[in-house]
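Here is what each chain is made of, one letter per residue.
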Amino acid sequence: MRIDVVTIFPEYLEPLNVSLVGKARAAGRLDVRVHDLRDWAHDRHNTVDDTPYGGGPGMVMMTGPWGEALDDTLADGYEAGAGRPALVVPTPSGRPFTQQLAGELAERPWLVFAPARYEGIDTRVTDEYRTRLPVYEVSIGDYVLAGGEAAVLVVTEAVARLLPGVLGNAASYRDDSFAPGAMADLLEGPVYTKPPTWRGRGIPEVLLSGHHGKIARWRRDEALRRTVAHRPDLIRRCDPAAFDKRDREMLSILGWMPGPDGRFGPSPHVMEE
Ligand code: 6GU
């Protein structure tokens, strides 16, 4: 996969040299190119932003530098035979970035990221490129960052670990929270490793039992417990057919029961915090 990032802070993308993404690059599975948007500015001050039409606070990134930067970047990739590109525009007003979208992006041969600083990029830029290639406006969560660069790191890492040959062990993402299938939409429960006691704290007996069925059941119970505590919305969203008899017992212990539509919600007499 090829990834281009156009940014006014190229050094913000340095973490792409490290860890999983760095190794994927070194192994030749990922070709990452970071470009400085200011290389496409035209005045002495390398200006890339201006005041918003209609007034208001902050600055808006200008069409000119972005248009030329994206044209040149796309021309270079096409020439190199990078395949069909998609433009990824990180913005708090984008669609939520999910594991499903990470999987979709991982199928593409070439991603071009356009992270904005300031109040965003003049909308005509995305309008223009949407006529030529798929454009994904994505948000990584319900909070506001100073710019999209951190989101580029997040999306790139989520995508890179799905690329063939990047994760050593294919099973290591099968049970991920949010991975399709497996633990179907539950959060992962607690994990333990050596030593067997630490500061007086032991390991749950079942994990030492060697009884795979009981261990799987315990993990499922803990996943339900953690999901109820941290992401009750995921339980509500679950197809109730995904819950077996033991799941239903566990949910009942946690104060959840099926409503009129069969979907699980908190029992009426249990107050949610
Ligand atoms: Cl992608 N960008 C910015 N600036 N803030 C965000 C975000 C992106 N996702 C959540 N907050």
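Keep in mind the model is a prediction, meaning the values are calculated, not measured.

**Q** How do you make sense of the overall build of the chain when you look at a structure like this?
**A** When you go through the chain residue by residue, the secondary structure sums to eight helices and nine strands. Relative to its length of 273 residues, the chain is extended, with a C-alpha radius of gyration of 23 Å against a globular reference of 19 Å. Once the C-alpha set of the chain is aligned to its principal axes, its extents read approximately 70 × 45 × 40 Å. Considering the chain as a whole, with its 273 residues, one finds that 42% of them fall into the buried category. Across the chain, the fraction of contacts at a sequence separation of at least 24, relative to all contacts at a separation of at least 6, is 70%. Carbon and sulfur atoms form 53% of the exposed surface of the chain, whose accessible area is close to 15700 Å². Both charge centroids of the chain, one from 32 positive and one from 39 negative side chains, sit 9 Å from each other.

**Q** Would you mind going over the packing of aromatic side chains with me for this structure?
**A** Aromatic ring pairs are reported here in terms of the distance separating the ring centres and the angle at which the planes meet. Inspection of every chain in the model, using the stated rule, returns two aromatic pairs. On the numbers, 5.4 Å between centres and 85 degrees between planes, the contact of Tyr 78 with Trp 110 is edge-to-face. With Tyr 78 in helix 2 (residues 63–79) and Trp 110 in strand 6 (residues 110–113), this residue pair connects regions lying 32 residues apart in the sequence. A relative accessible area of 0% means that Trp 110 is categorised as buried. An angle of 80 degrees between the planes, with centres 5.2 Å apart, marks the rings of Phe 243 and Phe 264 as edge-to-face. Here Phe 243, found in the loop between helix 7 (232–237) and helix 8 (245–253), pairs with Phe 264, found in strand 9 (residues 264–266); they are 21 residues apart in sequence, far enough to count as distant.

**Q** What is the right way to look at the nonpolar core in this model?
**A** With 31 residues, the main nonpolar core has Ile 3, Leu 30, Phe 97, Leu 105, Leu 111, Phe 113 and Val 159 as its most contacted residues. When contributions to this core are tallied by element, the ones reaching two or more residues are strand 1 (2–7), helix 1 (19–26), strand 5 (85–96), helix 3 (99–106), strand 6, strand 7 (135–139) and helix 5 (149–160). For this core, the leading source of residues is helix 5, giving six residues. One finds Ala 69, Leu 70, Leu 74 and Ala 114 within the second-largest nonpolar core, a separate group that totals 23 residues.

**Q** Looking at this model, I keep getting lost on helix 1. Mind explaining?
**A** Turn by turn, an α-helix covers 3.6 residues, leaving residues three or four places apart pointing in a common direction. Within helix 1, burial applies to Leu 20, Val 21, Gly 22 and Ala 24. Elements that come into contact with the buried residues of helix 1 comprise helix 5.

Criteria and thresholds
Residues numbered from 1 in each chain as written. Predicted model: local features only at pLDDT ≥ 70, side-chain atom pairs only at ≥ 80, totals over all residues. Heavy atoms only, no water. Helix = DSSP H or I, 4+ residues; strand = E, 2+ residues; numbered from the N terminus. Rg over C-alpha atoms; globule rule 2.2 N^0.38 Å. Buried < 20%, exposed > 50% of the residue type's maximum accessible area, 1.4 Å probe, protein only. Contact = heavy atoms within 4.5 Å. Areas by Shrake-Rupley, 256 points an atom, 1.4 Å probe, with all protein chains shown as cover. Lys, Arg positive; Asp, Glu negative; His and termini not counted. Charge placed at Lys NZ, Arg CZ, Asp CG, Glu CD. Phe/Tyr/Trp six-rings, centres within 6.5 Å; stacked < 30°, edge-to-face > 60°. Core = buried A, V, L, I, M, F, W, Y, C linked by side-chain atoms within 4.5 Å.

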